[in-house]
Amino acid sequence: MLGESGSQISKVNSLESACSIMKNILNDNHTDIPYALIYFVEHKLNYDGSESSIARLITTTFDEDGKKERHFPDYFPKTHEIINLTNVDQSYENYINLRRASTSFSFIKCDSWPLNLVIKNGNHIKVILKNDSQAVLFLTKISLGGEKVLPVILICGVNRRRALDEQYLEFLQLVTNQLNTYLLHGKKIEEEKLRSKLLVDLNYQKVIFFQGISHELQKPLTLMLSPLEEVINACPQESPIMSHLQTIRRNAHRLLKLINVLLQSSNVESGHSDAKYCKTNIVELTRELASDFVTMAKTLGLDYIIDIPNSEEFNQTVGDGIYLDHDMYETIIFNLCSNALKHTWKGRINIRLYLEYKNNEKMVILEVSDTGVGIPEIALPNIFQRFYRVESQNSRSHEGTGIGLALVKELITLHGGYITVTSVVNKGTTFKCWFPIGYQHLPKNQIRFNNVKSKRELYNNRQLYLEESSQWIKNNISEIKDDIDDLDTDINNTNKMLTDKITFNLPTDMNDFAITKKKYSVLLVDDSNEMRDHLTDLLKEFDIYRACDGKDALRVLKTLKQLPDLVLSDVTMPNMNGYELLDVLRSNVNTQLIPIILLSAKAGEDSKVKGLDKGADDYLVKPFSARELITRIRANIELSVLRRKILFHRCQEEESKQLLMSIANMIFSGLSINETLQYVVKAINHRIPCERVLVISNEQSKSKANEIIVSYENSESVKLITNPFMEINDNSNNNDKRKSQSSINSQEYLNDNSGIEISLDVYCGYVHKNVSILSSEVKLNNDFWGWIKVYRSPNSIWLDSEIELLQQISNLMSLAITHANLLEENEEKEIQIKAAEVADKTKSQILANTSHELRTPLGAIVGILSSFECNSLTTDQKEMIDTMIRSSDIVLSIINDILDSARLEAQKVTLINKTFDLLVLLDDIIENFGKRAGSKKIELIVNCDVDELPRYVKSDPNRLLTNVLYMIKI
Ligand code: ADP
């Protein structure tokens, strides 16, 4: 049975059919499972917000085909179709235990099926019925997506002759699993059916919507066009608004054509094609329709060949005649021909009509072939799908919707025919339309045997198609054609282009800039020729460069001598869209500062945020007012100029700061003044582009009147402006400055004491030619010291920042010179001090040596004199000896003093530090001087308050004694 059920799964196509097929399988195996019932447990939300669940009986083995009512055996518990499972408080305590040989089973005896219990337990439940037969309830669940599940209960009867053992239960479980597989499959198929139904519904809604909206658009457009036509006719050709009116008309026509195509296409899809097939002289009709493009092709320089046989012969060969809806056939030819013109730059377009047999059937073939850009092989299978467009084609126009070929195919299908295409890139494309002969294949009610003239509308397709094609003539052909050769090699290389570092020309010469650049320039990137023309017309106040997509924009940028002031780009473009262009421009250092405004038809907040997030400066949604666009362009350019100005000034300030710092460091690094000045002139040349820098000294004291002490000459030719940011010095300013600088020629530049002089065109004897000189005075202690002079070619102006910098540098130079002078003075003083020190030292040495030399003989004299004391000498002799002793004492003390002072100077005096009695010291002094004082009749009084005086002091007693003695002696 299980094997058989595997093969039945393919028949399952819904949840209910899964149950029904399972029931059939079980019916065929009633010995194993005598009966079975399947319940679905469904939840539903009540009106009062509460939830309730019910069990719905889906199928049973008691069901009979064609009979609605089911009859269950008497021994069954209550078996309702719908069982309410909410708030049913059943207790199943009535358990019965059955003992078998080895195991015992527990069964529930019940009045109704214990569905709630199975759901609650999740496990199978065995029940015993009124006739003591047994049944088992199994639960299986199917996921309904998300958290939703569908619980399914399978009730299986048990064969009374078999014991409900493990094996039997296992078998029943397998059957339940099988049911689960069926249900899952059924669910999947149901979901798929639902999805495709939804899609069909959606598609239908879309078609209806297209029809509705196209009708709604068609009406006001037509109403708008007729008064417009009148205004154009009434307006003189040379009127300034004429070009605007023409643009309005062209675009209204384009819109009308698009709406017509959309309407036609949705009519066909919804089956309301309203076709009228009538027997047609296809040769004549094709020739007439194809001829409409002859002039166009000629103007575009293409060979246009209508290769159509003789009408009579052809119609004879056709036999039964060919039935066509004329409007549809017109759409087919116009689409194919205008596509051929759009995608062909040179060569030929061929329109052929001939007969060919296909599967023994004679068919008429309309063939349109060209030698154009071709369609890549990979795109061919999709070419007839609606809205499919081939990316990266270098056609005359990037415009299009991708409906044309899909409509052509549908229209040919309505004629019972089909279309084929063959194409080789850069060689050409051939479309073949196969039409069957006769009318058997056409709906009878749409065949008209009387030739019906189709009603001509005010703006018929022919006019609309031709007008669209005429734009391509007027297009700046070279604009697009030029890049074909470039892009052909690049066509499959978009990614490389995106990652390549692109080098662009930067503005280099400020003079160029000042003279040639009168307007701001804008690079316009849009794939629509019409839009490019319109914007160019609108933005007359700017210099406009044009590009037809992102890739083309990069090519144009590379060829420009000077980068544009702003890029205005559409978002949706083939080859490289606006976002990709933005990425490339922002990732290149040279272009990252160009302001970029994106234009888009996508009005959503998301698109705008995406654009701004990617680094666009502004985002405008089409349609926009001309005034708004111009204001935003101007505002963005001015803002960017301001931003760059600030950036440039910051760079300049930073550079100047660095330069001044480095000069300051030089000054204090101990280099000679000459070396420092050499460094300064080199640094000046680095920051202020010039031909030469001179430092001229005028120090009269050093007889250096007008002497060039340092000079620096620039060997390279000097471009005045080398920094790309220079362009932000706006032109009018520069001209004003030139005027003001020349008017103050050779005069003091500033009114205050700035010490700046500018001579724009003055003869310089030193270089023997006329030059423009910027000089800054160098002062020393408010006295004039000299000049720093910077030379450029005559009539070169000097920027404020340059003047200011030179002034600061000249201040620093004053500092450097003062510093160097101070150093020089200090050096001289030091030498003098050193000489004095040496002399002093020598003097002390001499003194020390002399006193030493004097002491030795004096010692001998004092020694000898003292030896006389005890001998008997005459009074006179004694007095003489005393006098000699006193005198030699005085000499000795003088010599000692000299020695002491010499020692002091040489810092060789060593002091003893000890505690001694001050009174004892004074006693010694009195004793020492008492006699001599007495002889001179001088009273020596020690006047001291012994109690107040600190008697013991810490000092050198000998030094103290010497000092006091010395004072008394004086
Ligand atoms: P549309 O021209 O509005 O984009 P169509 O359905 O007419 O839409 O064409 C679909 C695509 O097929 C176009 O984008 C174009 O790239 C390509 N195509 C159609 N005709 C030609 C042709 N003669 N040569 C090259 N490419 C073609």
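Residues numbered from 1 in each chain as written. Predicted model: local features only at pLDDT ≥ 70, side-chain atom pairs only at ≥ 80, totals over all residues. Heavy atoms only, no water.

1. Things to note about the overall build of the protein chain
Line of reasoning, step 1. Each helix and strand in the protein chain was counted, giving 25 helices and 29 strands.
Line of reasoning, step 2. When each of the 970 residues of the protein chain is scored for burial, the buried share is 44%.
Line of reasoning, step 3. Across the protein chain, contacts joining residues at least 24 apart in sequence account for 67% of those joining residues at least 6 apart.
Line of reasoning, step 4. Here the protein chain displays about 53500 Å² of accessible surface, and carbon together with sulfur accounts for 52% of that area. (Helix = DSSP H or I, 4+ residues; strand = E, 2+ residues; numbered from the N terminus. Buried < 20%, exposed > 50% of the residue type's maximum accessible area, 1.4 Å probe, protein only. Contact = heavy atoms within 4.5 Å. Areas by Shrake-Rupley, 256 points an atom, 1.4 Å probe, with all protein chains shown as cover.)

2. A closer look at the packing of aromatic side chains
Line of reasoning, step 1. Per the stated rule, a full pass over the model turns up 13 aromatic pairs.
Line of reasoning, step 2. With 5.7 Å between their ring centres and 70° between their planes, Tyr-75 and Phe-76 make a pair best called edge-to-face.
Line of reasoning, step 3. Overall, the relative accessible area of 26% leaves Tyr-75 in the partly exposed class.
Line of reasoning, step 4. An angle of 75° between the planes, with centres 5.6 Å apart, marks the rings of Phe-293 and Phe-334 as edge-to-face. Here Phe-334 lies in helix H9 (residues 326-342) and Phe-293 lies in the loop between helix H6 (282-291) and helix H7 (294-299), a separation of 41 residues in the sequence. There is no split in this pair, since Phe-293 and Phe-334 are both buried. (Phe/Tyr/Trp six-rings, centres within 6.5 Å; stacked < 30°, edge-to-face > 60°.)

3. With respect to a nonpolar patch on the surface
Line of reasoning, step 1. Together, Phe-209, Ile-213 and Leu-217 make up a nonpolar patch on the protein surface, roughly 270 Å² of accessible area in all.
Line of reasoning, step 2. Ile-213 gets classed as partly exposed once you look at its relative accessible area, which sits at 33%. (Patch = residues over 30% accessible without salt bridge, like charges linked within 9 Å, V, L, I, M, F, W, Y side chains within 5 Å. Salt bridge = Lys/Arg side-chain N within 4 Å of Asp/Glu carboxyl O.)

4. Here we look at the sheet that holds strand E14 (residues 418-424)
Line of reasoning, step 1. Pairing is mixed across the open sheet formed by five strands, whose spatial order is E10-E12-E13-E15-E14. Every other strand in the sheet has two partners, leaving strand E10 (303-307) and E14 as the edge strands with one partner each. Strand after strand, the sheet turns through a mean of 20° between neighbouring axes, direction not considered.
Line of reasoning, step 2. Summarising the sheet, strand E12 (residues 348-358) and strand E13 (residues 361-370) pair through 10 bridges and their orientation is antiparallel. (Pairing = 2+ DSSP bridges. Axes fitted to C-alpha atoms, helices over the stretch in contact; angles between N-to-C directions.)

5. Notes on the pairing of strand E9 (residues 277-280)
Line of reasoning, step 1. The sheet contact formed by E9 and strand E16 (residues 447-448) spans two bridges and is parallel. If you follow Cys-278 over to E16, its bridge partner there is Arg-448.
Line of reasoning, step 2. Pairing of E9 with strand E11 (residues 322-324), which is carried by three bridges, proceeds in the antiparallel orientation. Residue Cys-278 lies in a different strand from E11, and its bridge partner there is Leu-324.

6. Quick look at helix H2 (residues 15-27)
Line of reasoning, step 1. Helix length check: H2 (13 residues) gives 19 Å between terminal C-alpha atoms against 18 Å at 1.5 Å per residue, within 8%.
Line of reasoning, step 2. Every buried residue belonging to H2 is among Leu-15, Ser-17, Ala-18, Cys-19, Ile-21, Met-22, Lys-23, Ile-25 and Leu-26, and all of these are buried. (Expected span 1.5 Å × (residues − 1).)

7. A short note on the nonpolar core
Line of reasoning, step 1. Of all hydrophobic cores here, the largest spans 58 residues; its most connected members are Ile-282, Tyr-329, Ile-332, Leu-353, Val-364, Leu-366 and Phe-435.
Line of reasoning, step 2. Take this core: its biggest share by element is nine residues, from H9.
Line of reasoning, step 3. Contacts of Ile-332, omitting those with residues within four sequence positions, involve Leu-366, Val-408, Leu-411, Ile-412, Cys-433 and Phe-435. (Core = buried A, V, L, I, M, F, W, Y, C linked by side-chain atoms within 4.5 Å.)

8. Describing the layout of surface pockets
Line of reasoning, step 1. By volume, the second largest pocket amounts to about 1200 Å³.
Line of reasoning, step 2. In terms of lining residues, the second largest pocket is bounded by 33 residues, among which Arg-886, Asp-889, Asn-928, Phe-929 and Arg-932 are the most central.
Line of reasoning, step 3. Elements with a contribution of two residues or more to the lining of the second largest pocket: helix H23 (875-905), helix H24 (918-935) and helix H25 (957-969).
Line of reasoning, step 4. Grouping the constituent residues of the lining of the second largest pocket by class yields 14 nonpolar, eight polar and 11 charged. (1 Å grid on protein atoms, 1.4 Å probe; cavity = no way out; pocket = protein on both sides within 12 Å on 5 of 7 lines; lining within 4 Å. Points joined across faces, edges and corners; volume = space filled by probe spheres on them. Nonpolar A, V, L, I, M, F, W, Y, C, P; charged D, E, K, R; others polar.)

9. Considerations on the sheet that holds E11
Line of reasoning, step 1. One open sheet holds the three strands; their spatial order is E11-E9-E16, and the pairing between them is mixed. Either end of the sheet is taken by a strand with one partner, and the two such strands are E11 and E16.

10. Here's the deal with unusual backbone geometry
Line of reasoning, step 1. With a phi angle near 65°, Asn-360 is a residue other than glycine that sits in the positive phi range.
Line of reasoning, step 2. Along the chain, Asn-360 turns up in the loop between E12 and E13.
Line of reasoning, step 3. According to the relative accessible area criterion, Asn-360 is exposed, its value standing at 77%.
Line of reasoning, step 4. We note that Phe-387 has phi near 70°; this positive angle belongs to a residue other than glycine.
Line of reasoning, step 5. With respect to the secondary-structure elements, Phe-387 resides in the loop between E13 and helix H10 (404-414).

11. Quick look at the environment of Asn-714
Line of reasoning, step 1. Looking at where Asn-714 falls in the secondary structure, it is placed in the loop between strand E23 (704-713) and helix H21 (731-743).
Line of reasoning, step 2. Expressed as a C-alpha distance, the spacing of Asn-714 and Pro-689, which sit 25 residues apart in the sequence, is 8.9 Å.
Line of reasoning, step 3. Filtering out sequence-adjacent residues up to four positions away, Asn-714 remains in contact with Asn-685, Cys-690 and Glu-691.

12. What to know about the packing of helix H5 (residues 242-269) against helix H15 (residues 529-538)
Line of reasoning, step 1. Put simply, H5 and H15 touch, their axes get as near as 12 Å, and they point 160° apart. The angle between H5 and H15 falls in the class roughly antiparallel. In this structure, H5 crosses over H15, and the sense of that crossing is left-handed. From H5, Ser-243, His-244, Thr-247, Arg-250 and Asn-251 reach across to H15, where they touch Glu-530, His-534 and Asp-537.
Line of reasoning, step 2. Its residues assigned to classes, the contact of H5 with H15 shows no nonpolar, five polar and three charged. (Parallel < 35°, antiparallel > 145°, perpendicular 65-115°, else oblique. Left-handed = near helix turned anticlockwise from the far one by under 90°.)

13. Here we look at the UniProt feature "modified residue: 4-aspartylphosphate" (unreviewed entry) in the protein chain
Line of reasoning, step 1. Within the UniProt annotation, "modified residue: 4-aspartylphosphate" (unreviewed entry) is assigned to Asp-570.
Line of reasoning, step 2. For Asp-570, the residues in contact, after removing those within four places along its chain, are Val-525, Asp-526, Asp-527, Gly-578, Leu-599, Ser-600 and Lys-622. (UniProt positions renumbered as here; feature names shortened; annotations may be inferred.)

14. Description of H24
Line of reasoning, step 1. The end-to-end C-alpha distance of H24, which contains 18 residues, comes to 26 Å, matching closely the 26 Å that a straight helix rising 1.5 Å per residue would cover.
Line of reasoning, step 2. The largest bend along H24 measures about 45° and falls at Phe-929.
Line of reasoning, step 3. All buried positions along H24 are accounted for by Leu-918, Leu-919, Leu-921, Ile-925, Phe-929 and Ala-933.
Line of reasoning, step 4. The backbone nitrogen of Leu-919 has a side-chain oxygen 3.0 Å away, supplied by the residue at the start of H24, namely Asp-917.
Line of reasoning, step 5. Just past H24, the residue Lys-937 takes up positive phi, approximately 55°. (Bend = angle between axes of the 7 residues up to and from the residue. Polar contact = N/O pair within 3.5 Å; in protein donor to acceptor, adjacent residues only side chain to side chain.)

15. Observations regarding the confidence of the model for the protein chain
Line of reasoning, step 1. Of the residues in the protein chain, 85% have a pLDDT of 70 or more, and the chain-wide mean is 79.
Line of reasoning, step 2. When pLDDT is averaged over each helix and strand of the protein chain, the minimum, 39, is found for helix H14 (residues 510-516) and the maximum, 95, for strand E15 (residues 428-436).
Line of reasoning, step 3. In this model, residues 476-517 is a region of pLDDT below 50 whose contacts with residues beyond four sequence positions or in other chains number 82 contacts.
Line of reasoning, step 4. Within the model, the stretch residues 718-733 combines pLDDT values under 50 with 38 contacts to residues more than four positions away or in other chains. (pLDDT = per-residue confidence, 0-100.)

16. Focus: the side chain of Ser-656
Line of reasoning, step 1. Relative to the elements of secondary structure, Ser-656 occurs in helix H19 (residues 626-667).
Line of reasoning, step 2. Residues contacting Ser-656, with those up to four places away along its chain left out, are Arg-687 and Leu-805.

17. Brief notes about the pattern of salt bridges
Line of reasoning, step 1. Scanning the entire structure with this criterion turns up 24 salt bridges.
Line of reasoning, step 2. For the salt bridge of Arg-249 with Glu-229, the shortest nitrogen-to-oxygen distance reads 2.5 Å. On the criterion of sequence distance, the pair formed by Arg-249 in helix H5 and Glu-229 in helix H4 (residues 166-234) is long-range, its members being 20 residues apart.
Line of reasoning, step 3. For Lys-540, the salt bridge is made with Asp-537, and the minimal N-O distance between the two is 3.4 Å.
Line of reasoning, step 4. Shared partners join several salt bridges into a network, and the residues in it are Glu-16, Glu-42 and Arg-56.

18. Section: a negative patch on the surface
Line of reasoning, step 1. On the surface, a cluster of negative charge is contributed by Glu-824, Glu-825, Glu-827, Glu-828 and Glu-830.
Line of reasoning, step 2. Here Glu-830 lies in helix H22 (residues 800-867). (Lys, Arg positive; Asp, Glu negative; His and termini not counted. Charge placed at Lys NZ, Arg CZ, Asp CG, Glu CD.)

19. Overview of the environment of Val-771
Line of reasoning, step 1. With respect to the helices and strands, the residue Val-771 is situated in strand E26 (residues 769-780).
Line of reasoning, step 2. Along the backbone, Val-771 and Val-790 are 19 residues apart, and their C-alpha atoms lie at a distance of 9.8 Å.
Line of reasoning, step 3. If sequence neighbours within four positions are ignored, Val-771 has contacts with Ser-759, Leu-760, Asp-761, Val-762, Cys-764, Tyr-791, Arg-792 and Pro-794.

20. With respect to the packing of H9 against H10
Line of reasoning, step 1. The interhelical angle for the contact between H9 and H10, taken along N-to-C directions, is 145°, at an axis separation of 9 Å. The chirality of how H9 crosses H10 is left-handed. In this structure, H9 contributes Met-328, Thr-331, Ile-332, Asn-335, Leu-336 and Asn-339 to the contact, and H10 contributes Gly-404, Leu-405, Leu-407, Val-408, Leu-411, Ile-412 and Leu-414.
Line of reasoning, step 2. Considering only residue class, the contact of H9 with H10 consists of nine nonpolar, four polar and no charged.

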